[in-house]
Amino acid sequence: MVKQEDLQTIASSLQSFLEDLHSKYESRGDGTVANYIPELAKVNPDLFSICIATVNGDVYEVGDYNQLFTIQSISKVFVHGLALEDHGRDYLLTRVGVEPTGDAFNAIILDEKSKRPYNPMVNAGAIATTSLIKGSDATERLNRMLDMFEKYTSHNVFVDISVFTSERITGHRNRAMAHLMLNFGMIDQNIEQALDLYFQQCSVMVNCHDLAVMAATLANKGINPMTGKQAVDSRYVKDILSVMYTCGMYNFAGEWAYKVGIPAKSGISGGIIAIVPDVMGIGVFSPPLDSRGNSVRGVKVCEELSQQFGLHLFECWRK
Ligand code: GLU
């Protein structure tokens, strides 16, 4: 497992390694862009960027790293952090579990016995988590969420209104999950407000550079390495990373943990964040997805980075 003191050695070869990886995979044509709403279907499949931000604030990046896209499911990681800050670990555990499901992210299932959604990374769990965000009304809750994202990105963020509106109009499956959870008393009455906030969090715009800085903040005990400011209470970083490690990569999470070996989360718009604790955050963006919903190029890039630099958390020897 790579450590902070190895950063200098790694850093000298990082930029050229990223450039080589980018050229190696940019012509790779497999995968399908998400098409459940027209706004995502019309994205250019050739967009591709890789970015690494270290806990010291150094950045290495290649490709379309300024291209904005909706954060989608990657938002679940950060909203999980906000819910932990709002309610603490024990209470949150009574409402959302931490078990991987092995099922698709949008499966309409709850734990038989506890009636909790399985974990905060699948849609049901994310909707339950989002419903717990504190605020006196919808505006205050949205503003608290945007403020939270801004602590991670170091700049203002906004919601893409057309993606949000489409998600909201077509989100019947998510609405069904919310009703099921309402039926079991796992979320409160105001499910339309919770769903709106969930669709808004998925529609927050970021670029690949942002993803890497957000990941580096989690790698850096919750302190944004660019601003030096705390984005999330350091007490909760281990909770966030544990859930990412076991549940972050859809129903590929086990194989990812086995092969790549670092906490990560992907989103349906083609982003992936991965965290090397105490060392760096990785962001990759490339819209074509594999059958599990993970970016095809994103997975390849992270596999190669992990192998090349010995990033796997349980790697016991150095090359
Ligand atoms: N907005 C999407 C949904 O809720 C997020 C999907 C994803 O990125 O996994 O279905």
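Higher on the page you've got the structure.
An account of the accompanying structure is given in this report.

## Things to note about the overall build of the chain
Of the regular secondary structure elements, the chain holds twelve helices and seven strands. The C-alpha radius of gyration of the chain comes to 18 Å, within 12% of the 20 Å expected for a compact globule of 319 residues. Considered along the principal axes of its C-alpha atoms, the chain spans approximately 55 × 40 × 35 Å. Burial analysis of the chain (319 residues in total) assigns 57% to the buried set. Summed over all atoms, the accessible surface of the chain reaches about 13,000 Å², with 51% contributed by carbon and sulfur. Side chains of the chain carry 28 positive and 36 negative charges; the gap between the two charge centres is 5 Å.

## Here's the deal with unusual backbone geometry
A positive phi angle is found at Lys 221, which is not glycine, with a value near 60 degrees. Tracing the backbone through its elements, the reader meets Lys 221 in the loop between helix H9 (208–219) and helix H10 (237–247). Phi angles above zero are rare outside glycine, and Tyr 250 is one such case at about 55 degrees. On the secondary structure map, Tyr 250 appears in the loop between H10 and helix H11 (253–259).

## Considering the pairing of strand S6 (residues 271–276)
Counting buried positions along S6 gives six out of six residues, so the element sits mostly inside the fold. Of the two faces of S6, the one carrying Gly 271, Ile 273 and Ile 275 and the one carrying Ile 272, Ala 274 and Val 276 are both buried. Of the strand pairs in this sheet, strand S5 (residues 264–266) and S6 are connected by three bridges, and their pairing is antiparallel. For Ser 266, the partnering residue across the bridge sits in S6 and is Ile 272. As consecutive antiparallel partners, S5 and S6 are separated by four residues, and within that stretch Gly 270 has a phi angle of approximately 110 degrees, a positive value. Direction of pairing for S6 relative to strand S7 (residues 280–285): antiparallel, over a ladder of six bridges. The partner of Val 276 across the bridge, within S7, is Met 280. Between S6 and S7, which follow one another and run antiparallel, lie three residues, and Asp 278 among them has a positive phi close to 70 degrees.

## Structural notes on the site of the ligand
As a structural note, the neighbourhood of the ligand is formed by Tyr 36, Gln 72, Ser 73, Phe 105, Asn 123, Glu 167, Asn 174, Tyr 198, Cys 202, Tyr 250, Gly 267 and Ile 268. Taking Tyr 250, its side chain carries an N or O atom lying 2.5 Å from an oxygen atom of the ligand. Relative to its unbound accessible area of 300 Å², the ligand is 95% covered by the protein chains. Of the residues in the shell around the ligand, the class split is six nonpolar, five polar and one charged.

## Quick look at the packing of aromatic side chains
Inspection of the entire model under this criterion finds seven aromatic pairs. Each ring, one from Tyr 198 and one from Phe 199, has its centre 5.8 Å from the other, and the planes form 55 degrees; the classification is tilted. Its relative accessible area of 3% is what places Tyr 198 among the buried residues. Here the aromatic residues Phe 78, Phe 149 and Tyr 152 are joined through ring pairs into a cluster of three or more. Lying over the aromatic face of Tyr 250, Lys 265 brings its terminal NZ or CZ to 4.4 Å of the ring centre. Looking at Arg 297, its charged tip hangs above the ring of Phe 48, at a distance of 5.1 Å from the centre.

## Structural notes on the packing of helix H1 (residues 7–25) against helix H12 (residues 296–309)
Helix-helix packing: each pair is described by the crossing angle between the helix axes and the interaxial distance. Where H1 contacts H12, the two axes come as close as 11 Å, and the packing angle between them is 145 degrees. Handedness of the crossing formed by H1 with H12: right-handed. Judged by residue contacts, Ile 10, Ser 13, Leu 14, Phe 17, Leu 18, Leu 21, Lys 24 and Tyr 25 of H1 engage Arg 297, Lys 300, Val 301, Glu 304, Leu 305, Gln 308 and Phe 309 from H12. Partitioning the contact of H1 with H12 into residue classes produces nine nonpolar, two polar and four charged.

## Overview of the environment of Val 43
Structurally, Val 43 is set in the loop between helix H2 (38–41) and strand S1 (49–54). With 65 residues separating them in the primary sequence, Val 43 and Ile 108 have C-alpha atoms 28 Å apart. If we ignore the near neighbours within four places in the chain, the residues touching Val 43 are Val 33 and Pro 287.

## Some words on the side chain of Thr 70
Relative to the assigned elements, Thr 70 resides in strand S3 (residues 69–70). For Thr 70, the side chain forms a polar contact with the side chain of Gln 72, separated by 3.3 Å. Sequence-distant contacts of Thr 70, that is, excluding residues within four places in its chain, are made with Leu 40, Asp 160, Val 163, Cys 202, Ser 203, Val 204, Met 205 and Ser 269.

## Structural notes on the sheet that holds S5
What the five strands build is an open sheet, ordered S2-S1-S7-S6-S5; its pairing is antiparallel. Each edge of the sheet is formed by a strand with only one pairing partner; in this case those strands are strand S2 (59–63) and S5. Strand-to-strand twist across the sheet, computed as the mean angle between neighbouring axes with direction ignored, equals 10 degrees. Here five bridges tie S1 to S2, and the two strands are oriented antiparallel to one another. In the strand pairing of S2, Ile 52 is matched with Tyr 60.

What counts, and at which threshold
- Residues numbered from 1 in each chain as written.
- Predicted model: local features only at pLDDT ≥ 70, side-chain atom pairs only at ≥ 80, totals over all residues.
- Heavy atoms only, no water.
- Helix = DSSP H or I, 4+ residues; strand = E, 2+ residues; numbered from the N terminus.
- Rg over C-alpha atoms; globule rule 2.2 N^0.38 Å.
- Buried < 20%, exposed > 50% of the residue type's maximum accessible area, 1.4 Å probe, protein only.
- Areas by Shrake-Rupley, 256 points an atom, 1.4 Å probe, with all protein chains shown as cover.
- Lys, Arg positive; Asp, Glu negative; His and termini not counted.
- Charge placed at Lys NZ, Arg CZ, Asp CG, Glu CD.
- Pairing = 2+ DSSP bridges.
- Near = heavy atom within 4 Å.
- Polar contact = N/O pair within 3.5 Å; in protein donor to acceptor, adjacent residues only side chain to side chain.
- Nonpolar A, V, L, I, M, F, W, Y, C, P; charged D, E, K, R; others polar.
- Phe/Tyr/Trp six-rings, centres within 6.5 Å; stacked < 30°, edge-to-face > 60°.
- Lys NZ or Arg CZ within 6 Å of the ring centre and 35° of its normal.
- Axes fitted to C-alpha atoms, helices over the stretch in contact; angles between N-to-C directions.
- Left-handed = near helix turned anticlockwise from the far one by under 90°.
- Contact = heavy atoms within 4.5 Å.

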